[in-house]
Amino acid sequence: MAEKVVFESARKSDADMRQARNPVEDKNVIEEVDKVISGAAESGATEVHLEPVQDGYVIRVREGTALRKVNEIPERLKLNVANRIKVLAGLDITKNRIPQNGYFKLVHGEKKLELNVYTIPMLFGESIVIKLSYKVSATMRLNQLGMQPAVLAAYQKALARGSGLYLVTGPPGSGKRTTIYASILEQLRPDQLALGFDPVVKYEIEGMIQGKPEEKSEYTFAEAIVALMRQEPDVAYIGDISSEPDARATIQGAFAKRLVLARMTANDSVSTIQNLIDMGIQPFLIVASLAAVINQRMVRRLCPSCRQPYPANADIEKEIGLKLPQGANFFKPQGCQACQGTGYRGIICLYELYKPNEELGKMIIAKEPVQQIRLKAFKEQTFTLKVDGIMKALGGYASLEDVLNCL
Ligand SMILES: [Zn+2]
């Protein structure tokens, strides 16, 4: 027996759906679509493909990397099935000769999903792809991320200030969101208002209201940030900052007494500041608002059951530019049953924390070179990304090769 499926349209209420110009009330159609989507959600599929052929639709789902045929829709139901999906995703059903995309949400038993729908007109009708993303609650705490104790303590102390701008930076796919959500979990109190705006909402967090820009939205990301700040949140989370208006709206929001966390793509913690200056933000605004910058990388975690130690030598010391303690070992992957022969199990992250102080602030306002600021910052503060990485390699968590490659 299939579990109850509750659809939640992105832009239209149920009443709007009933009043759609081409009402798709046909019970068969609704049942067909529900069956396909709930079947996909049940099996944990990541995509549903409705492939138009001469006599209807062929339906295939992607589970892992492969597509598997699950159903066929006869020609007589073809248009209405397409329309049903388009109505759910808030698309215009009067238009089937242009590509469209939209999304809707779905609750399937215990699972919460967001379904992004992409259509494109083809020879035998509209080809439709539905991408399923499964919502998970953010549960990871800061002390579970694998930060060095000194980095963790310094970051927690910075967060405890409770206001200002906190930037989490790194390349795409470095686990920045996980750090941000863990930071929010650390700080958010039940009597506070938390608002988040991110192009992809990956996690849910109790007590936080989240949104994302719509494909056809008539406002810019920066305008959304300004509107979000006007609602006076105590904690605000802004997804990727990539332009001057985004950065300006975020920084201005951080001047009110609130905690503002934002994600940015950057190579290291100090060059993040340079990136903001390059975007056109005045250095004094950055100095006045910035509370901390985290920079991070994600690397494969060596399988603890089969990793192989090997001694560090003078060549390695030369390569990494550091003197290592006597008898230091690094580790390389091997492969066993526990890791399916890969040598790796899971991932770990490397972290670098930049905490501004008065002297560093003066250097930023004086537009001193990034390298000088970096040297000064990490002379007095916690580890650089490289030192964190080498410590984790010496601890057997990651291979030295992976650490050096990601820096
Ligand atoms: Zn193994």
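Preceding this paragraph is the structure being described.
What you see is a predicted model; the values in this text were computed from it and never measured. (Residues numbered from 1 in each chain as written. Predicted model: local features only at pLDDT ≥ 70, side-chain atom pairs only at ≥ 80, totals over all residues.)

Caption draft 1: A look at the overall build of the protein chain. From N to C terminus, the protein chain includes 14 helices and 17 strands. Taking the principal axes of its C-alpha atoms as reference, the protein chain extends roughly 75 × 55 × 40 Å. Out of the 407 residues in the protein chain, the part that is buried amounts to 37%. Partitioning the contacts of the protein chain with sequence separation of at least 6, the portion at a separation of at least 24 is 66%. (Helix = DSSP H or I, 4+ residues; strand = E, 2+ residues; numbered from the N terminus. Buried ≥ 20, exposed ≤ 12 C-beta atoms within 10 Å, placed from the backbone. Contact = placed C-beta atoms within 7 Å.)

Caption draft 2: Focus on the sheet that holds strand β14 (residues 290–302). The seven strands are arranged β11-β9-β12-β13-β8-β14-β17 in an open sheet whose pairing can be described as mixed. The sheet is open, and its two edges are formed by β11 (208–211) and β17 (344–354), each paired on a single side. Going from strand to strand, the sheet's axes swing by 20° on average, the running direction of each strand aside. Pairing geometry for strand β12 (residues 235–240) and strand β13 (residues 259–264), over five bridges, is parallel. Looking across to β13, one finds that Ala-236 is bridged to Val-260. Helix α8 (residues 269–279) rests against β8 (164–169), β13, β14 and β17 of the sheet, and its axis sits at about 125° to β14. (Pairing = 2+ DSSP bridges. Axes fitted to C-alpha atoms, helices over the stretch in contact; angles between N-to-C directions.)

Caption draft 3: Representation of α8 in the model. Those residues of α8 not exposed but buried are Ser-269, Val-270, Thr-272, Ile-273 and Leu-276. In an axial view of α8, the angular spread of the buried residues amounts to 155°, which keeps them on one side of the axis. Downstream of α8 by a residue or two, Gly-280 has a phi angle that is positive, lying close to 115°. (Arc of directions from axis to C-beta.)

Caption draft 4: Focus on the pairing of strand β5 (residues 100–108). Direction of pairing for β5 relative to strand β6 (residues 111–122): antiparallel, over a ladder of nine bridges. Paired with Gly-102 across the strands is Val-117, a residue of β6. In this antiparallel pair of consecutive strands, β5 and β6, the connection spans two residues, and Gly-109 shows a positive phi of 60°.

Caption draft 5: Up close: the packing of helix α2 (residues 27–43) against helix α3 (residues 75–88). Relative to each other, α2 and α3 sit at 60°, their axes nearing to 9 Å. Taken together, the axes of α2 and α3 lie oblique to each other. The chirality of how α2 crosses α3 is right-handed. Here Asn-28, Val-29, Ile-30, Glu-32 and Val-33 of α2 lie close against α3, whose contacting residues are Leu-77, Asn-80, Val-81, Arg-84 and Ile-85. For the contact of α2 with α3, the per-class residue count stands at six nonpolar, two polar and two charged. (Parallel < 35°, antiparallel > 145°, perpendicular 65-115°, else oblique. Left-handed = near helix turned anticlockwise from the far one by under 90°. Nonpolar A, V, L, I, M, F, W, Y, C, P; charged D, E, K, R; others polar.)

Caption draft 6: Representation of the environment of Met-147. Tracing the backbone shows Met-147 in the loop between β7 (125–137) and α4 (149–160). In the structure, Met-147 is positioned 204 residues away from Tyr-351 in sequence and 6.4 Å away in space, judged by C-alpha atoms. The contacts of Met-147, once residues within four sequence positions are left out, are Leu-152, Tyr-155 and Tyr-351.

Caption draft 7: Region of the structure containing unusual backbone geometry. Although it is not a glycine, Gln-340 adopts a positive phi angle of roughly 50°. Within the fold, Gln-340 resides in the loop between β16 (329–332) and β17. Judged by C-beta crowding, with 11 C-beta atoms within 10 Å, Gln-340 ranks as exposed. Even without being glycine, Lys-367 reaches a positive phi, approximately 55°. Note that Lys-367 resides in the loop between α11 (358–365) and α12 (370–380).

Caption draft 8: Just the nonpolar core, in detail. Leu-165, Ile-184, Ala-236, Val-260, Leu-261 and Ala-262 are the most contacted members of the largest nonpolar core, which has 70 residues in total. When neighbours within four sequence positions are excluded, Ala-262 is seen to be in contact with Leu-165, Leu-167, Ile-238, Ile-241 and Thr-250. One finds Ala-40, Ala-89, Phe-104 and Ile-130 within the second-largest nonpolar core, a separate group that totals 28 residues. (Core = buried A, V, L, I, M, F, W, Y, C linked by C-beta atoms within 7 Å.)

Caption draft 9: Structural view of the environment of Glu-244. Among the structural elements, Glu-244 can be located in helix α7 (residues 244–255). Along the backbone, Glu-244 and Ile-281 are 37 residues apart, and their C-alpha atoms lie at a distance of 6.9 Å.

Caption draft 10: View of helix α5 (residues 176–187). The first and last C-alpha atoms of α5 sit 17 Å apart over 12 residues, in line with the 16 Å expected at 1.5 Å per residue. Taken as a whole, α5 has its buried residues at Lys-176, Thr-179, Ile-180, Tyr-181, Ala-182, Ser-183, Ile-184 and Gln-187. (Expected span 1.5 Å × (residues − 1).)

In short, geometric facts, not functional conclusions.
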